[in-house]
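Structural description and commentary
Listed below, chain by chain, are the residues.
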Amino acid sequence: MKKLNTVLNQNHKKLSIYFTAGFPELNDTSSIIKALEASHVDFIEVGLPYSDPLADGPTIQESSKKALENGFTTQLLFQQLHDLKNQCDVPLILMGYFNVILQFGVEKFCSQCQNIGIEAVIIPDLPLEIYEKDYRKIFEKHNIHPIFLITPQSSEKRIRQIDEISHSFIYMVSSASTTGGTKGFGDNELKYFDRISKMQLKSKLITGFGVKDNKTFEQAAANTDGCIIGSAYINFLKENKINQTAEFINQIRNY
Amino acid sequence: MKNLQYNSPDKNGFYGEFGGAFIPEMLYPNIKNLEENYLEIIESDEFREEYLQLLKDYVGRPTPLYFAKRLSEKYKANIYLKREDLCHTGAHKINNTVGQILLAKKLGKKRIIAETGAGQHGVATATVCALMNLDCIIYMGEIDMKRQAPNVARMRMLGAKIKPALSGSKTLKDATNEAIRDWINNPEDTYYLIGSVVGPHPYPDLVAKLQAIISQEVQEQLYEKTQKRNPDYVIACVGGGSNAAGIYYEFLNQPEVKIIAVEAAGKGIDTGQSAATSKLGTLGIIHGSKTLLMQTKDGQITEPYSISAGLDYPGIGPMHAHLLTSKRARFMSVTDDEAMSAGLLLSKTEGIIPAIESAHAFAVLEHLNFKKSDVVVINLSGRGDKDLESYINHFNL
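Residues numbered from 1 in each chain as written. Chains lettered and ligands numbered in written order. Predicted model: local features only at pLDDT ≥ 70, side-chain atom pairs only at ≥ 80, totals over all residues. Heavy atoms only, no water.

1. What to know about the interface of chain B and chain A
- Counting residues at the interface gives 33 residues for chain B, matched by 39 residues for chain A.
- Contact between chain B and chain A buries roughly 2900 Å² in total, counting both sides, with carbon and sulfur atoms accounting for 53%.
- For chain B, the biggest contributors to the area lost against chain A are Glu 25, Met 26 and Arg 181 of chain B; these three give 22% of the whole.
- Run the count over chain B and chain A and you get two salt bridges.
- Linking Arg 158 of chain A and Glu 25 of chain B is a salt bridge whose minimum nitrogen-to-oxygen distance equals 2.7 Å.
- Joining chain B to chain A, the criterion identifies 18 residue pairs in polar contact (both at pLDDT 80 or more).
- For the side of chain B that touches chain A, the secondary structure elements donating two or more residues are helix H1 (28–42), helix H8 (172–185), strand E11 (282–286) and strand E12 (289–293) of chain B.
- The residue inventory of the side of chain B that touches chain A, partitioned by class, reads 14 nonpolar, ten polar and nine charged. (Contact = heavy atoms within 4.5 Å. Buried area = accessible area lost by both parts, 1.4 Å probe. Salt bridge = Lys/Arg side-chain N within 4 Å of Asp/Glu carboxyl O. Polar contact = N/O pair within 3.5 Å; in protein donor to acceptor, adjacent residues only side chain to side chain. Helix = DSSP H or I, 4+ residues; strand = E, 2+ residues; numbered from the N terminus. Nonpolar A, V, L, I, M, F, W, Y, C, P; charged D, E, K, R; others polar.)

Here it is as structure tokens:
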């Protein structure tokens with residue numbers, strides 16, 4: 001697996017795709033990752049389904065519910081990723097709510113990530129302060145680092161604090177919303193992208209929430225290092241086959 | 001035990017290992033703003049004056065502390081009932097909503113959102129929003145809306161918009177998720193008026209402090225009647241735990257007062273249809289708080305069951321989790337049948353029809369061995385009008 005920072009330092013706008021593990025079918029993880037890699041996405045965010053995903057809109061909620069009904073477990077995901085380890089070069093990051101990781105065991109979680117070659121995780125409901133106080137040592141022992149989120153409401157002080165602790169990129173939430181917003185980006189969002197990019201942070205900036213097509217990708221990537229798309233891809237998978245993934249990716253990149 | 005503050009969290013919002021604010025970054029500015037301001041506001045003279053005035057003139061406080069003579073004879077102890085059922089809107093829930101609506105106004109918020117299960121907190125929120133002329137949006141599980149149609153109508157009469165929670169299991173926990181998602185989408189003008197001692201810090205402390213009026217009144221009223229400020233027992237039912245937090249509050253740091261928490265065992269602890277978190281729960285995160293909750297071994301939150309809609313929350317507030325693990329409180333659980341019988345008994349012996357939630361607290365009288373001199377205070381947290389249909393079905397009335 002390539003290093004995440006190697007990919008982030010490449011000189012083009014990065015495109016990352018999120019998908020919910022265990023959706024549409026329990027064992028689709030490997031074919032989705034292979035299809036995304038074949039479509040040249042830069043890195044992949046693998047979502048651990050959760051019964052109560054607070055930061056997610058209806059699309060990811062529904063896919064999570066389906067994945068759980070399919071019989072998803074955290075251990076199964078690690079098994080699937082382990083089997084795929086030598087066949088996949090694109091960096092993977094894991095996204096999961098903290099309760100799922102807590103029940104699996106934080107140390108065991110970090111160690112299994114390390115085992116597979118995963119370097120970064122997104123845990124939206126594990127705030128910076130609690131991470132530093134209670135969990136940082138365990139994560140660092142296994143060379144795992146969390147990716148933190150910032151929003152249009154984040155203060156400059158908060159953003160600098162997050163930049164300081166980040167190892168790769170900051171996840172820039174595009175607007176005040178849960179995932180899967182469909183409004184598109186207006187002046188407020190564009191000004192915010194511009195404001196953050198002018199802060200000259202050491203971390204890369206990747207934008208997510210509400211990126212769904214070529215237009216929103218271009219807008220959000222203009223002042224940042226790239227974008228993450230989640231809900232739009234989940235919706236694509238509802239209507240199309242996994243092996244059609246390249247069509248979705250090409251349309252985002254306007255190839 | 002002496003040095004511990006059982007009723008208040010530490011500066012990070014933890015009661016022992018429970019509590020904190022496990023929230024996505026999108027909520028951080030709002031929670032931070034609340035955390036930095038709530039104590040100063042609710043402890044200010046201006047706030048206290050307005051809050052106490054409304055509790056007196058609008059809610060109808062102080063609620064009586066009633067000596068239940070026939071019940072006392074039956075159980076051979078001196079049993080007093082704290083009559084929260086006589087509050088405006090029929091339950092203790094309004095103590096909290098009156099306080100939080102004043103806080104929301106002081107914070108300059110224009111739009112109020114809340115979650116509700118059975119509809120009691122929703123009605124109490126819609127009531128104070130009408131009083132203060134603020135927009136009110138109530139999230140309620142689609143299934144609960146069908147089960148609690150009269151409360152939906154009440155909220156609509158009071159001018160609230162009811163939004164059905166269509167996600168997950170379509171009940172209280174999902175209504176709470178939806179309210180939190182609304183707050184993420186509306187961070188500037190919106191105040192989230194949470195209904196119990198749950199959620200991220202500072203909510204558990206805020207709600208406990210606003211419900212503490214219950215135990216403050218008990219202390220004074222008990223002194224008038226018995227020349228004792230502390231009872232031997234305080235008993236309350238616990239779902240999320242707001243009425244319990246209120247009646248325990250002033251007694252938690254008085255080690256001689258025995259604290260009894262009563263949970264809903266539903267159809268029985270081991271039946272898979274229960275809400276007894278103290279027996280079935282494990283440490284985890286729910287709605288931004290680290291506490292005990294009912295979940296699978298994979299960390300997926302499970303749906304609790306109780307005949308009483310107000311007790312079927314899959315967790316307990318972090319203060320209560322700490323009272324349990326530190327053994328400050330004794331947790332007991334009673335089944336649907338035991339609670340219903342206790343409700344019927346209270347109706348026939350004292351002429352008071354309790355909410356089924358509150359009836360749970362009375363059911364443990366059967367299992368406790370009192371001395372004749374013991375003073376027992378039970379929180380009668382709500383009245384039973386809303387539960388008539390359940391009583392009818394249960395007893396073929």
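Past the structure itself, the notes keep going.
2. Quick notes on the pairing of strand E5 (residues 111–116) of chain B
All names here are of chain B.
- Most of E5 sits out of view: six of its six residues are buried.
- Taking every second residue as pointing to the same face, both faces of E5 are buried, with Arg 111, Ile 113 and Glu 115 on one and Ile 112, Ala 114 and Thr 116 on the other.
- Direction of pairing for E5 relative to strand E8 (residues 190–192): parallel, over a ladder of three bridges. Bridge assignment links Ile 113 to a residue of E8, and that residue is Tyr 192. (Buried < 20%, exposed > 50% of the residue type's maximum accessible area, 1.4 Å probe, protein only. Pairing = 2+ DSSP bridges.)

3. Considering a nonpolar patch on the surface
Residue and element names in this part refer to chain B.
- A contiguous nonpolar patch, built from Leu 388, Ile 392 and Leu 397 and spanning about 290 Å² of accessible area, is present on the exposed surface.
- Along the chain, the position of Leu 397 falls in the segment after helix H16 (388–395).
- Overall, the relative accessible area of 65% leaves Leu 397 in the exposed class. (Patch = residues over 30% accessible without salt bridge, like charges linked within 9 Å, V, L, I, M, F, W, Y side chains within 5 Å. Areas by Shrake-Rupley, 256 points an atom, 1.4 Å probe, with all protein chains shown as cover.)

4. Notes on the UniProt feature "domain: Tryptophan synthase beta chain-like PALP" (unreviewed entry) in chain B
- UniProt feature "domain: Tryptophan synthase beta chain-like PALP" (unreviewed entry): in the numbering of this structure it lies at residues 60–382 of chain B.
- In the segment residues 60–382 of chain B, helix accounts for 40% and strand for 21%; the C-alpha atoms at its two ends are 14 Å apart. (UniProt positions renumbered as here; feature names shortened; annotations may be inferred.)

5. What to know about the UniProt feature "modified residue: N6-(pyridoxal phosphate)lysine" (unreviewed entry) in chain B
Residues and elements named next belong to chain B.
- Residues annotated by UniProt as "modified residue: N6-(pyridoxal phosphate)lysine" (unreviewed entry) correspond here to Lys 93.
- Mapping Lys 93 onto the fold places it in helix H4 (residues 93–106).
- With residues near it in sequence (within four places) discarded, Lys 93 still touches Gln 120, His 121, Ala 124, Gly 195, Ser 196, Gln 211 and Ser 242.

6. Some thoughts on the pattern of salt bridges
- In this structure the tally under the stated criterion is 28 salt bridges over all chains.
- Between Glu 140 of chain A and Arg 136 of chain A there is a salt bridge; the shortest N-O distance is 2.9 Å. Residue Glu 140 of chain A and its partner Arg 136 of chain A are both found in helix H7 (residues 128–141); the two are separated by four residues, about one turn of the helix.
- Residue classification places Glu 140 of chain A among the partly exposed positions, given a relative accessible area of 37%.
- We classify Arg 136 of chain A as partly exposed; its relative accessible area is 27%.
- The salt bridge partner of Lys 106 of chain B is Glu 46 of chain B, with a shortest N-O separation of 3.6 Å. One end of the pair, Lys 106 of chain B, is in helix H4; the other, Glu 46 of chain B, is in helix H2 (residues 45–59), and 60 residues separate them in sequence.

7. A look at the packing of aromatic side chains
Residue and element names in this part refer to chain A.
- Under the counting rule described, the total for this entry stands at 22 aromatic pairs over all chains.
- With 5.3 Å between their ring centres and 45° between their planes, Phe 43 and Phe 169 make a pair best called tilted. With Phe 43 in strand E2 (residues 43–47) and Phe 169 in strand E7 (residues 169–173), this pair connects stretches of sequence that are 126 residues apart. Taken as a pair, Phe 43 and Phe 169 share a single burial class, namely buried. (Phe/Tyr/Trp six-rings, centres within 6.5 Å; stacked < 30°, edge-to-face > 60°.)

8. Details of the UniProt feature "active site" (unreviewed entry) in chain A
- The positions that UniProt labels "active site" (unreviewed entry) are, in the present scheme, Glu 45 and Asp 56 of chain A.
- Relative to the helices and strands, Glu 45 of chain A is located in strand E2.
- Glu 45 of chain A gets classed as buried once you look at its relative accessible area, which sits at 3%.
- When neighbours within four sequence positions are excluded, Glu 45 of chain A is seen to be in contact with Ser 16, Ile 17, Tyr 18, Phe 19, Ile 93, Met 95, Ile 122, Tyr 171 and Ile 228 of chain A.
- With respect to the helices, strands and loops of the structure, Asp 56 of chain A is situated in the loop between E2 and helix H3 (58–69).
- The exposure class of Asp 56 of chain A is buried, given its relative accessible area of 3%.
- In this structure, Asp 56 of chain A is in contact with Gln 61, Met 95, Tyr 97, Thr 178 and Thr 179 of chain A together with Arg 181 of chain B, ignoring residues within four places of it in sequence.

9. Here's the deal with the side chain of Ser 51 of chain A
- Within the secondary structure layout, Ser 51 of chain A lies in the loop between E2 and H3.
- Residue contacts for Ser 51 of chain A: discarding those within four places in its chain leaves Leu 68 of chain A together with Lys 173, Gln 300 and Ile 301 of chain B.

10. A short note on the domain arrangement of chain B
All names here are of chain B.
- Segmenting chain B into domains produces domain 1 (16–54 + 93–207) and domain 2 (60–91 + 212–395).
- Computed from C-alpha coordinates alone, the two centres of domain 1 and domain 2 are separated by 22 Å.
- Taken residue by residue, the interface counts 35 residues in domain 1 and 35 residues in domain 2.
- Where domain 1 abuts domain 2, roughly 2800 Å² becomes buried across the two surfaces, and 62% of that area is made up of carbon and sulfur atoms. (Domains from an automatic or database assignment.)

11. Focus: unusual backbone geometry
- Following Phe 23 of chain A, the chain continues into Pro 24 of chain A via a peptide bond in cis, with omega recorded as -5°.
- Note on placement: Pro 24 of chain A falls in the loop between strand E1 (14–20) and helix H2 (29–38).
- Following Arg 61 of chain B, the chain continues into Pro 62 of chain B via a peptide bond in cis, with omega recorded as 0°.
- Structurally, the position occupied by Pro 62 of chain B is in the loop between H2 and strand E3 (65–67).
- Its identity is not glycine, yet His 287 of chain B carries a phi of approximately 50°, on the positive side.

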